Amino acid sequence: MGCGTKEPKITQLCLAAIQRLMSHEVVSEAAAGNIINMLWQLMENSLEELKLLQTVLVLLTTNTVVHDEALSKAIVLCFRLHFTKDNITNNTAAATVRQVVTVVFERVVAEDERYKDTVDQPVAVQGNSNRRSVSTLKPCAKDAYMLFQDLCQLVNADAPYWLVGMTEMTRTFGLELLESVLNDFPQVFLQHQEFSFLLKERVCPLVIKLFSPNIKFRQGSSTSSSPAPVEKPYFPICMRLLRVVSVLIKQFYSLLVTECEIFLSLLVKFLDADKPQWLRAVAVESIHRLCVQPQLLRSFCQSYDMKQHSTKVFRDIVNALGSFIQSLFLVPNTGNTSVAPSQTGSNASGNTGSAQTNPGVLGMGGGASVLPAFEYRGTWIPILNVTVQGSAKATYLEMLDKVEPPTIPEGYAMSVAFHCLLDLVRGITTMIEGELGEPETVGQTTTETGSLPAQSSPEQQDLQSVSDQSEKELVSRAVWEEMVNACWCGLLAALSLLLDASTDEAATENILKAELTMAALCGKLGLVTSRDAFITAICKGSLPPHYALTVLNSTTAALSSKSYSIQGQNVQMISPSSESHQQVVAVGQPLALQPQGTVMLTSKNIQCMRTLLNLAHCHGAVLGTSWQLVLATLQHLVWILGLKPGVGGALKPGRAVEGPSTVLTTAVMTDLPVISSILSRLFESSQYLDDVSLHHLINALCSLSLEAMDMAYGNNKEPSLFAVAKLLETGLVNMHRIEILWRPLTGHLLEVCQHPNSRMREWGAEALTSLIKAGLTFSHDPPLSQNQRLQLLLLNPLKELSNISHPDIRIKQLECVLQILQSQGDSLGPGWPLVLGVMGAIRSDQGESLIRTAFQCLQLVVTDFLPTMPCTCLQIVVEVAGSFGLHNQELNISLTSIGLLWNISDYFFQRGEIIEKELNKEEAVLQKQAEEKGVMLNRPFHPAPPFDCLWLCLYAKLGELCVDPRPAVRKSAGQTLFSTIGAHGTLLQHSTWHTVIWKVLFHLLDRVRESSTTADKEKIESGGGNILIHHSRDTAEKQWAETWVLTLAGVARIFNTRRYLLQPLGDFSQAWDVLLDHIQSAALSKNNEVSLAALKSFQEILQIVSPVRDSEKPDTPPAINVSVPVVVGTTTATSLGRSFMRTDSIGERLGRYSGSEPPVVTDEIEDLNLWWAAWNSWYRIGSESTRPPVTCDKLTFIPSQPFLTALIQIFPALYQHIKTGFSMDDLQKLGVILHGAVSVPISSDASPFILPSYTEAVLTSLQEAVLTALDVLQKAICVGSESMQIMYPAIFDQLLAFVEFSCKPPQYGQLETKHIANAKYNQAEWVALNYVPFAERSLEVVVDLYQKTACHKAVVTEKVLQNIIKTLRIPLSLKYSCPSESTWKLAVSSLLKVLSIGLPVARQHASSGKFDSMWPELANTFEDFLFTKSTPPDNLSIQEFQKNESIDVEVVQLISTEILPYANFIPKEFVGQIMTMLNKGSIHSQSSSFTEAEIDIRMREEFSKVCFETLLQFSFSNKVTTPQEGYISRMALSVLLKRSQDVLHRYIEDERLSGKCPLPRQQVTEIIFVLKAVSTLIDSLKKTQPENVDANTWAQVIALYPTLVECITCSSSEVCSALKEALVPFKDFMHPPASKVQNGES
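Residues numbered from 1 in each chain as written. Predicted model: local features only at pLDDT ≥ 70, side-chain atom pairs only at ≥ 80, totals over all residues. Heavy atoms only, no water.

### Focus: the packing of helix 27 (residues 758-777) against helix 29 (residues 807-824)
And then number 1: Interaxial distance between helix 27 and helix 29 falls to 9 Å at its minimum, and their mutual angle equals 15°. Between helix 27 and helix 29, the crossing angle belongs to the class labelled roughly parallel. The element helix 27 and its partner helix 29 pack so that their crossing is right-handed. Across from Ser758, Arg761, Glu762, Ala765, Glu766, Thr769, Ile772, Lys773, Leu776 and Thr777 in helix 27, the residues of helix 29 making contact are Asp808, Ile809, Lys812, Gln813, Cys816, Gln819, Ile820, Ser823 and Gln824.
And then number 2: Its residues assigned to classes, the contact of helix 27 with helix 29 shows 6 nonpolar, 7 polar and 6 charged. (Axes fitted to C-alpha atoms, helices over the stretch in contact; angles between N-to-C directions. Helix = DSSP H or I, 4+ residues; strand = E, 2+ residues; numbered from the N terminus. Parallel < 35°, antiparallel > 145°, perpendicular 65-115°, else oblique. Left-handed = near helix turned anticlockwise from the far one by under 90°. Contact = heavy atoms within 4.5 Å. Nonpolar A, V, L, I, M, F, W, Y, C, P; charged D, E, K, R; others polar.)

What follows is the structure, given as C-alpha cells:
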C-alpha cells in the first residue's frame, strides 16, 4: 500500500521494510505475488528504480517462494528497467538480470540436490511434440527451462512465451546471458533431457543463423558481384557468438557433436586471409581457447578425424593455424589490400637450399633487433606477450563494451596463433605422455630406474596388463596416433616457418621445444615419418642456410618435394629464408669433399644444436633410425666448430687444424665447452637406452662413419672423426652390456682401421684399443675370469687387427697388448692364445719399431706371465718366440729371442711336474672329444706325451733357428739347443728320445749339411755398418762352416752323454750309422774347420763308455741288493718313470729303468757292430782325405795337418774296440792311410806354425800320431795271439817305408812342393815337410821292434832282416849326399844294432835257406857304405872327418867280429865279397879330391889299417876251411906287396930327379901310406901262426927291404918317420944264416 502511494519517500521506506521482511523469510507465496505486482506498478511509474531492482533481487535470492508467473513477471520487470534512458539504472538492471538468471538456475541445481536420492521414473518425452512440454520438470527446473527458451526466442528476435510483457531486447545482451548460463550451469543442460533438447533445437540453429554474415563476407570483394547486398559482420555480435560457441564446444561437445563440427569448420573459415583482421584475431583467440584443452582436442579427433566420412576437423584446425601464420607473412598487414595469393597447389620451394646463392647476411653487429619479432622475406612481425602459457586469456573476446571492431596491433594475431601452436603441442604431449605413463605403472610391476621414464613396448604391456585394460589402451593408442598424424604436418610447416623467421631467443627456444616434444612424442608412439620430419626440422635449423647435407636431403625428400595435401587445403613448406637477420657467431669449413669456402653459424644455429643435443639426450630411446639424422647434423656442426676428439672420444675445441678459416666469436667460445660436455653426456646417457635403441644408435654412428670414410678416401685431408669418437664413447659407457653391441662396434672400427687416411686409421685403432682395454678392466658381472666367452669376444678384434698391414695400426695394436699385459696379464686365462697370436703375427717386413714393440710384449710375457697362463699356451709362446728369432730386421731381437727360448726351457724344467699334470689333463679331454667325433687327435709329434711334445716344439723351433741365414743367430740357437737338450733332456720320456734324435737332431744336421755345401763362396766385405769381418768368416761358406761345426759337435756330445738313454732304443745302430755318415761327410768337406771339427766329434763319440764298462756294470740295480724293504718295487715303477733331477748319477740312470726291469745291457755283438761301423767310417774318411788329387792347381784342397793328426789320433782309441777282429786286410788299409797322411804337404802359410824351423829335428804331431798308431798296433800284437803275430812283417814294411822318406820324401800326387827355405809365407804354395826326424824315429822304432821280434817265425820267414838292410842301404849308400847327415849315421848305428841281433838268427837258420837272399844284400850295403860315391862336403872339419872315419872302422870291426869268425856258416861268395872289400879298403882308401894340405888326414889311414889288419888276420887265420879262402888272401897279399914295391921305386926315382924341389903332396902321402902298410903287414904276419903264412909271402916282404933302405935319402921328414917305422920290424928277419938245406937252396 505504501508503495502504492507513489510518494518517493514513502516508497523508499516501504521497500526497505519489505526487504527486511523478506530477509527474515516471512513472506508467503501470495504475499510475494503481491509484492511483485506492487513493484511492477512502481516500475511502470519509473519510481525508485534502483530500490526496485534491489528488492527483486532480495525477494528472489532469500527463498524459492517466487516462481512461475510471479517469477517471470519479476524478470520482465528487471529487463524493462534495463532499457530505460538512465545509464545507471541500465547498468544496475543488467547486473540484476544477470543475477536473477543465475538465481533461477541455481535453484534448479539446489532442487536436483534435494531430489537426487529419490529415483523418479523418467517419463518418455515425445520427441518434438510440444516445445512447452515441460510436465516432467520439477518447479524450479520448469522456471529455468521457460526462461532459457525465451532468451533464445528474444535473441532470435521472436516473441517470448513466458516472459510476457517484454518490450525490447538487444541481441548482444541476450547472447551474453545465454553464454553466462551455458558457461555457469552446464550440468543442468547435461542432466535434463529437456534442456539438452533446447540446446540442440534452439541454441545451435540460432548461432549458425547469426553467423551467416560472417561466413558470406569476403573482405574487399565488390558488392556488385552478389545479387543481394551482403550483411557486414558486426563485431559485438560476432564476438559474442564466438564466445557462445567456445562455451558450447567446451561444455556440451558430447551432446552437440555434429553442431560442433559446423562451429569448428566455421572457426577455421574465419581464419581465412580474406576475412577482416579483427574477425581473424577473434577467431584465433577462440581457437586458442580450444588449444589449451587437450582432452577436448582428443574428442574432436575421435569424433571427426577418426570417422570415415567426417571432416577432419582437428587436422583442419591445425592446418588452418599454419596457413594463417603463413598468410600473415605473405600478406601485408593492411586491412583493405586485395592481395590474396591463391593457395591451391603452389608447391613449396624445396628445402634443399641449393637454389639460393646468397650465403647469409653478415655484419649484423649492431643491427640486431631489440624487439622480439618474426622476420621473413622482409615481413617483420613483432611478438607480443599475449598470454601466460597454457591458459587462453583472450583480449578481443573480452571486449564486450566495444561496438566497433577495434584496431588490432601488428603481430597480435601472429602472437596468438604462435601461442596456439605452442599450447596445442604442450597440451597434446602432456596428455598423451601422462596417459602413456599410466598403463605402464599399472602394467609393469617394476620400472627401470634411470634418467628417462621407462617406455615399454605395447607388446610387453599386452602381456603384462589385464586384458580389458590393454584393449582400452589399444583404443586410446589409436586415438593418439591419429591425433599426431592429423596435426604433425601442419605443426611442422608452421613451426619450421616460425623457427626460420624467429629473431628472438625465447621464441626460438619455445619453437624448438615444441618441435622437440613433438619429435619425442612421435617417437614414443612409433610414428617414424613424423618423428623424422620434426627431427629434420631441428637439424635444418642447426646447420647454416643452404648447407648441402646429404643425410637431410635424402630423408626430407619425402617431405620437401611435395606440399602436404590435406583435405582440400594446401600447407606449404616454405623454404627457410636466407636473410634471417641473425648474429653470426662462428665461421667454419663445411664438411664436404671439396670445401667450398666457409660457412657461418648463427646463434640460432647453436640454439638449435643445443635442442638437438637435448633431444638426443632425453629421448634417445625413441629416436630409432633418426639417430642417423641427429648424429649427421651434430657431426657437421662439430666439424664447423672445429671440435676434435680427445681421449676417450670426448670432443674438445681443437686448435684450428685447417688453417685460419675457422673463426669463433667469444660468445661461442664460452659455449663450446658446454656443447662439448653435453655431447659427451649425450653418449654417456646411452647406457640408459634399451638394447634396441642402443643398436639404432650404433648403426647410425657406423653409417655416419662409413660416409666419413668415403669422403676421406683418396685425400689426406683431415677426416671427420666424430662418428668414430662417439662410437668409442658409446662403447665405453655401455660396458655392462658390451656383448650386445661388441660385434657391430668392433667390426666397424676394424674397417676404419684399414682406411688409407692415416688420421682416420689412427682414430679407428685408438677407439678399438681403448674399448678393448676398457672392456678387460671393467668389472663385469659375472667377472671375466668366469665368463671366458666374453673375454675371447673382447680380445678377438685385437687379433683381427693383425690382418691389417698398416704399421701405425699395428703399433697401436701392440701398445694395447703391452698395456693389457701390464694391467691384466695375470688374468688373461683363455685369452692368451689370442694375445700371443697378435705378437706372433708380426712379419719380418713390417719394420723395426713394430717388431721391437711386439718383442717387448713377448719379453714381458716370458719374464712375468708364464706361470699364470694355461699350460696349453706354452707351446704358442715357444712358437712366437721362435718366430721372432727368424725375423731378419734386427739381429739383437733374434738373439734375445733365442735367450727367451732358453728362459722358457728353464721354466719348463722348474715347473715340469705341474705343467705335465695340466697338459695330461687337457690331453685327456681333447682325446675324449676326438674320440667322440671319431677323428684322430692331431698335434705335432703326436704319439709323444704332451709335455714331451712341448719340449719337442721348443727343440724344433731352435732347430729352425739353427739354419737361419744369419751366422750369429745360428750360432746362438745352436748353443741354446744343445745346452737345453743337455740340461733338460733327462725330463723326456725314454721313447721321446727317438723323436729328438731323428726328427730334431738328424733333421737339423741334414739341413745344415745341405746349406753348408751349397753356401756362397763370394767374399763378404763387411758385416753391415762398419763392422770388420775376420778373414776366417768372410764368406757365407765359412760362416756356414762354423754352424756345421757347432751342430755336429752338439749332436755328438748328446750321443756321448746320453748314450745310456739312446742305446736301449731299438734303432740305435741306424742312428749311429747316420751320425757316422754325417761325421764322414763333414770330415770330407773341403773346409779345414769343418773337417777338423768332424774328427773331434768322431773322437768324442769314440771315447764313449759303453754301458757295460766294468765300473758301471752292477749285476742288478743297486736297490735290489739291499736287504731292507725298498720303495723301488713294481709299485712305483711308473712314478719313477721320469725323474726331475739334473744329475746323471748311475743310480739315477738305473732308477730310470726302474725296479720292474733291470737295466738294459746291450750285448757285445751289437756293440762291436757299432765299432766296426766306426772303423769303416774312419777308413773312408782316411782314404778319401789322403788320396792325392788327380790334377793340381792353385785351388786343390789339401787336408790340413791338424786334421790328419786328429784323424790318425782316432785310430788308437778305435783300435782298442776292434782289435779282436782286426785282420791283415785292415792293416793294409791302415797302412795306406798312414802313408797317405804322412805324405800330405803343408801350405806355406801354415808351415811356420807346424815346423818350428828346418834345422831342428822335431816330429810334427801328425808324424808322432802315425808312430803312436803303429806303436799301439805292435803292442797289441805283442800281447795278442799267435795268429796276430803274422802282422809284424807288415808293420816293419810300413816303418821301413817311412825310413826311406829320409832320403827320398814322398810325392803327393803331382803336387809340386818346394823346399821350405824357398817357400814364401804369404803365397799359396805347398811345402814339403822335413821328413828326416820322422824317418829317423821310424828307424829307431824298427830297431827296437826288431830287437824284440827278431826270432818270431813271421819275422824270419818274411825276410824282415833283409828288408831292413835293403832299406838302410839307401841312406848308407848316399852317405854324404843324404839330406841330413844324421841319417846315415843313425842308419849305420841301426845297422850295427840290427846285425848284432839278426846275424846270429840268420846263422841259426842258415840251413833253411830263409836268409840266403839277405847275404848279397848285406855285402852290397857294406860295399856302398864303405866306398861311397858321394864326396864329403868341403867344409867338413878334421875332427868330423876323424869321427866319420871311426864309424867306418866300427863297421870293419863288426865284420871282423861277427861275420868272418863264422865264415863256415856263411855262404862262400859272401865271404869272398867281404875279403875283396877289405882288400880294396886297405889299398884304395885314398880319396882323390883332397887338397894337398889335408891329404895326410883324408887318407883314412886308420881305416886302411884296420882293413888291412882284418884282411891279414883272416888271411892267416888257422880257421880257414877252404884252400880257396886262403888263396884269396894270399893273392891279395902278393898284389899288395907288389904294389908297395912299385910305389917305393917310383918315389925314389922322383926324389932323385926333383933335386931340392919337394915332391907333390899326393906322392908324399902315398909313400907314407905304403910304408905304414908294410909295417902293418909285417906285424900281422908275426901274429899269425907260421904255418898259415906262405913262404912266398915272406920272400916278397923281405924283398922290400933294399928298396926301403934306398928311401933313407929322402928329404921329407914325414916320409922319414914312416920309413923308420917300416924298417924297425925287419930286425926280426935278422938272424944268422942257416946251414944249407938239402934241396940245395941256401
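### Quick word on the confidence of the model for the chain
And then number 1: Averaged over all residues, the pLDDT of the chain is 75; the fraction at 70 or higher stands at 76%.
And then number 2: Below a pLDDT of 50 lies the segment residues 441-466, which in the model reaches 24 contacts outside its immediate sequence neighbourhood of four places, other chains included.
And then number 3: Confidence drops under pLDDT 50 across residues 554-581; counting only partners more than four residues distant or on other chains, this segment forms 83 contacts. (pLDDT = per-residue confidence, 0-100.)

### What to know about the side chain of aspartate 1448
And then number 1: Relative to the helices and strands, aspartate 1448 resides in helix 56 (residues 1438-1459).
And then number 2: Classification of aspartate 1448 as buried rests on a relative accessible area of 2%.
And then number 3: Among residues more than four places away in sequence, those in contact with aspartate 1448 are Lys1375, Phe1425, Leu1426, Arg1500 and Phe1503. (Buried < 20%, exposed > 50% of the residue type's maximum accessible area, 1.4 Å probe, protein only.)

### Brief notes about helix 13 (residues 294-305)
And then number 1: With respect to burial, helix 13 is a largely interior element, 9 of its 12 residues being buried.
And then number 2: Three or more residues of helix 13 are buried, namely Pro294, Leu296, Leu297, Arg298, Phe300, Cys301, Ser303, Tyr304 and Asp305.

### Some points on unusual backbone geometry
And then number 1: Backbone geometry places lysine 1359, a non-glycine residue, at a positive phi of 55°.
And then number 2: Relative to the assigned elements, lysine 1359 resides in the loop between helix 52 (1353-1357) and helix 53 (1360-1374).
And then number 3: Lysine 1359 gets classed as partly exposed once you look at its relative accessible area, which sits at 35%.
And then number 4: Backbone geometry at lysine 1375 places phi at a positive 40°, although glycine is not the residue there.
And then number 5: Look at lysine 1375 and you get buried, because its relative accessible area is 3%.

### Quick notes on the packing of helix 7 (residues 171-184) against helix 9 (residues 193-216)
And then number 1: As a packed pair, helix 7 and helix 9 sit with axes 13 Å apart at the nearest point and diverge in direction by 135°. Here helix 7 lies oblique to helix 9, going by the angle between them. The way helix 7 lies across helix 9 gives a crossing that is left-handed. For the pair formed by helix 7 and helix 9, the contact residues are Arg171, Leu175, Leu178 and Leu182 on the first element and Leu199, Val203, Leu206, Lys209 and Leu210 on the second.
And then number 2: Here the contact of helix 7 with helix 9 is composed, by residue class, of 7 nonpolar, no polar and 2 charged.

### Quick word on the pattern of salt bridges
Where charged atoms from two side chains of opposite charge come close, those side chains can pair.
And then number 1: If you walk through the whole model with that rule in mind, you get 31 salt bridges.
And then number 2: The shortest N-O distance in the salt bridge between arginine 1369 and aspartate 1424 comes to 2.8 Å. Here the residue arginine 1369 occupies a position in helix 53, and aspartate 1424 occupies one in helix 55 (residues 1414-1426), the gap between them amounting to 55 residues.
And then number 3: Under the relative-accessibility criterion, aspartate 1424 is labelled buried at 17%.
And then number 4: Each of Glu1381, Lys1385, Glu1440 and Lys1443 takes part in a single network of salt bridges with overlapping partners. (Salt bridge = Lys/Arg side-chain N within 4 Å of Asp/Glu carboxyl O.)

### Here we look at the packing of aromatic side chains
And then number 1: Counting across every chain of the model gives 38 aromatic pairs.
And then number 2: With a centroid separation of 5.3 Å and an interplanar angle of 55°, the aromatic rings of phenylalanine 855 and phenylalanine 884 are classed as tilted. Taken together, the residues span a long stretch of sequence, with phenylalanine 855 in helix 31 (residues 848-865) and phenylalanine 884 in helix 32 (residues 874-886) at a distance of 29 residues. Phenylalanine 884 matches phenylalanine 855 in its accessibility class, with the two residues each being buried.
And then number 3: One aromatic cluster is present, built from ring pairs that chain together Phe105, Tyr145, Phe148, Phe185, Phe189, Phe195 and Phe252.
And then number 4: Sitting over the ring of tryptophan 1384, lysine 1375 keeps its end group 5.1 Å from the ring centre. (Phe/Tyr/Trp six-rings, centres within 6.5 Å; stacked < 30°, edge-to-face > 60°. Lys NZ or Arg CZ within 6 Å of the ring centre and 35° of its normal.)

### Considering the pairing of strand 1 (residues 373-376)
And then number 1: The side-chain alternation of strand 1 yields two buried faces, one formed by Ala373 and Glu375 and the other by Phe374 and Tyr376.
And then number 2: By the bridge criterion, 4 bridges tie strand 1 to strand 2 (residues 379-382) in an arrangement that is antiparallel. For alanine 373, the partnering residue across the bridge sits in strand 2 and is proline 382. (Pairing = 2+ DSSP bridges.)

### Observations concerning helix 48 (residues 1261-1279)
And then number 1: Between the first and last C-alpha of helix 48 there are 27 Å, a value that for 19 residues agrees with the 27 Å anticipated at 1.5 Å per step.
And then number 2: Along helix 48, the positions that sit buried rather than exposed are Leu1262, Gln1263, Ala1265, Val1266, Leu1267, Ala1269, Leu1270, Val1272, Leu1273, Gln1274, Ala1276 and Ile1277.
And then number 3: Among the structural elements, helix 45 (1201-1218), helix 46 (1224-1239), helix 49 (1282-1285), helix 50 (1288-1300) and helix 51 (1332-1349) are those in contact with the buried residues of helix 48. (Expected span 1.5 Å × (residues − 1).)

### Structural notes on the environment of leucine 424
And then number 1: Relative to the assigned elements, leucine 424 resides in helix 15 (residues 412-443).
And then number 2: Taking the C-alpha atoms as reference, leucine 424 lies 9.3 Å from leucine 491; in sequence the two are 67 residues apart.
And then number 3: Discounting residues that sit within four places of it in the chain, leucine 424 has contacts with Cys291, Leu297, Phe314, Val318 and Leu491.

### Here's the deal with the environment of glycine 322
And then number 1: Residue placement: glycine 322 occurs in helix 14 (residues 313-330).
And then number 2: The exposure class of glycine 322 is buried, given its relative accessible area of 1%.
And then number 3: A sequence separation of 175 residues divides glycine 322 from leucine 497, and the C-alpha atoms of the two residues are 9.1 Å apart.

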